[in-house]
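Breakdown of the fold
Take a look at the letters that make up each chain.
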Amino acid sequence: MTDQELIDLARAMQERSYAPYSGFPVGAALEAEDGRIFTGCNVENAAYGETICAERTALVKAVSEGVRAFRRIAVAGNGDDYCWPCGSCRQALNEFSPNLTVLAANGTGSFLSVPLSELLPHSFGPRNLKK
Ligand code: THU
């Protein structure tokens, strides 16, 4: 699958977004090492702090299906700026795939591709807890 195809899947997931408070729909498409794709959208809540981002929706869907290794994630938003994963999502993705590639798309359809390690340098992860 091309980067653009993965972004198209993320973009389509904006339709499923539940974002009545921010009005900022986000879609994500997470590609596993085995080629399977897990999609997600942001799901907001009247208790704002209970909101889950699109990336973590996709991640928990995958992990709950027994999939733990990933190659790329595409994230699509409508803003002028690229839709970068928030800090919580960077940490959550790093847990399973520190070598992940992040494709961040903006509202005009442009995107940038960067390694997760660049978005979360000197990360704390599972290896830090090994004796
Ligand atoms: N959001 C995501 O889903 N992913 C991101 O990477 C950034 C932020 C969502 C959370 C909230 O529903 C809305 O965008 C505004 O912050």
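Residues numbered from 1 in each chain as written. Predicted model: local features only at pLDDT ≥ 70, side-chain atom pairs only at ≥ 80, totals over all residues. Heavy atoms only, no water.

**What to know about helix 3 (residues 87-96)**
Put simply, the test is: Throughout this description, buried means an accessible area under 20% of the type-specific maximum (1.4 Å probe, protein chains only), exposed means over 50%, and partly exposed covers the range between. Starting at the N terminus, helices and strands are each numbered in turn, a helix being any DSSP run of H or I of at least four residues and a strand any DSSP run of E of at least two. Directions drawn from the helix axis to the C-beta atoms are what define this arc. By definition in these notes, contact holds between two residues if any of their heavy atoms fall within 4.5 Å.
Where helix 3 is concerned, the buried positions are Cys89, Arg90, Leu93 and Asn94. End-on view of helix 3: buried residues confined to an arc of 135°, all on one side of the axis. Close packing links the buried residues of helix 3 with strand 1 (27-32), helix 2 (54-64), strand 3 (70-76) and helix 4 (116-119).

**Observations concerning the site of the ligand**
Condition: The nearness test applies per residue and asks whether one of its heavy atoms lies within 4 Å of the molecule or strand. In protein, a polar contact requires one atom able to donate a hydrogen and another able to accept it; more generally it is a pair of N or O atoms within 3.5 Å, and residues adjacent in sequence count only if both atoms are side-chain atoms. Only the protein chains shown count as cover for residues, and all accessible areas are computed by the Shrake-Rupley method using a 1.4 Å probe. For this classification, Asp, Glu, Lys and Arg are treated as charged, while Ala, Val, Leu, Ile, Met, Phe, Trp, Tyr, Cys and Pro are nonpolar and the rest, including Gly, are polar.
Residues in contact with the ligand, as listed here, are Ser22, Phe24, Val26, Asn42, Glu44, Thr51, Cys53, Ala54, Glu55, Trp84, Pro85 and Cys86. A distance of 2.9 Å separates an oxygen atom of the ligand from a polar backbone atom of Ala54. Considered on its own, the ligand offers 380 Å² of accessible surface; in the complex 78% of this is hidden by protein. When grouped by side-chain class, the residues that make up the shell around the ligand number 7 nonpolar, 3 polar and 2 charged.

**Observations regarding helix 2**
Every buried residue of helix 2 is listed here: Ala54, Glu55, Thr57, Ala58, Leu59 and Ala62. Check the buried side of helix 2 and you find it contacts strand 1, strand 2 (37-41), strand 3 and helix 3. Taken from the residues just after helix 2, Gly66 is the one with a positive phi, measuring 90°.

**Focus: the pairing of strand 1**
Selection criterion: Strand pairing is assigned whenever DSSP identifies at least 2 bridges connecting the two strands.
Strand 1 sits mainly inside the fold: 6 of its 6 residues count as buried. Where strand 1 lies against strand 2, 5 bridges are found, and the strand directions are antiparallel. Bridge pairing in strand 2 links Ala29 to Thr39. The hairpin turn running from strand 1 into strand 2, its antiparallel successor, is 4 residues long, and Gly35 in that turn takes a positive phi close to 95°. Looking at chain direction, strand 1 and strand 3 are connected through 6 bridges and run antiparallel. Pairing of Leu30 across the sheet is with Ile73, part of strand 3.

**Concerning the sheet that holds strand 3**
Operational definition: Each axis is a line fitted through C-alpha atoms, and for a helix only the stretch in contact is used; angles between axes span 0 to 180 degrees, taken between their N-to-C directions.
Strand order in the open sheet made by the 5 strands is 2-1-3-4-5, with mixed pairing throughout. Each of the sheet's edge strands pairs with one partner strand only, and the pair in question is strand 2 and strand 5 (111-115). Averaged over all neighbouring strand pairs, the angle between strand axes comes to 15°, with direction disregarded. Sheet topology places strand 4 (residues 101-105) next to strand 5; 5 bridges connect them, and they run antiparallel. Residue pairing in the sheet places Thr101 in a bridge with Pro115 of strand 5. Docked against the sheet, helix 2 engages strand 1, strand 2 and strand 3, running at close to 140° with respect to strand 2.

**Quick look at the nonpolar core**
Using the following cut-off: Nonpolar core, defined: a set of buried Ala, Val, Leu, Ile, Met, Phe, Trp, Tyr and Cys residues in which side-chain atoms within 4.5 Å join the residues together.
Leu30, Phe70, Ile73, Leu93 and Leu100 are the most contacted members of the largest nonpolar core, which has 20 residues in total. Among all residues touching Leu100, those that are not within four sequence positions of it are Leu30, Phe70, Arg71, Arg72, Ile73, Leu93, Val114, Pro115 and Leu116. Within the second largest apolar cluster, 8 residues are counted, among which are Leu6, Ala10, Ala29 and Ala76.

Read these as layout, nothing more, since geometry by itself doesn't imply function.
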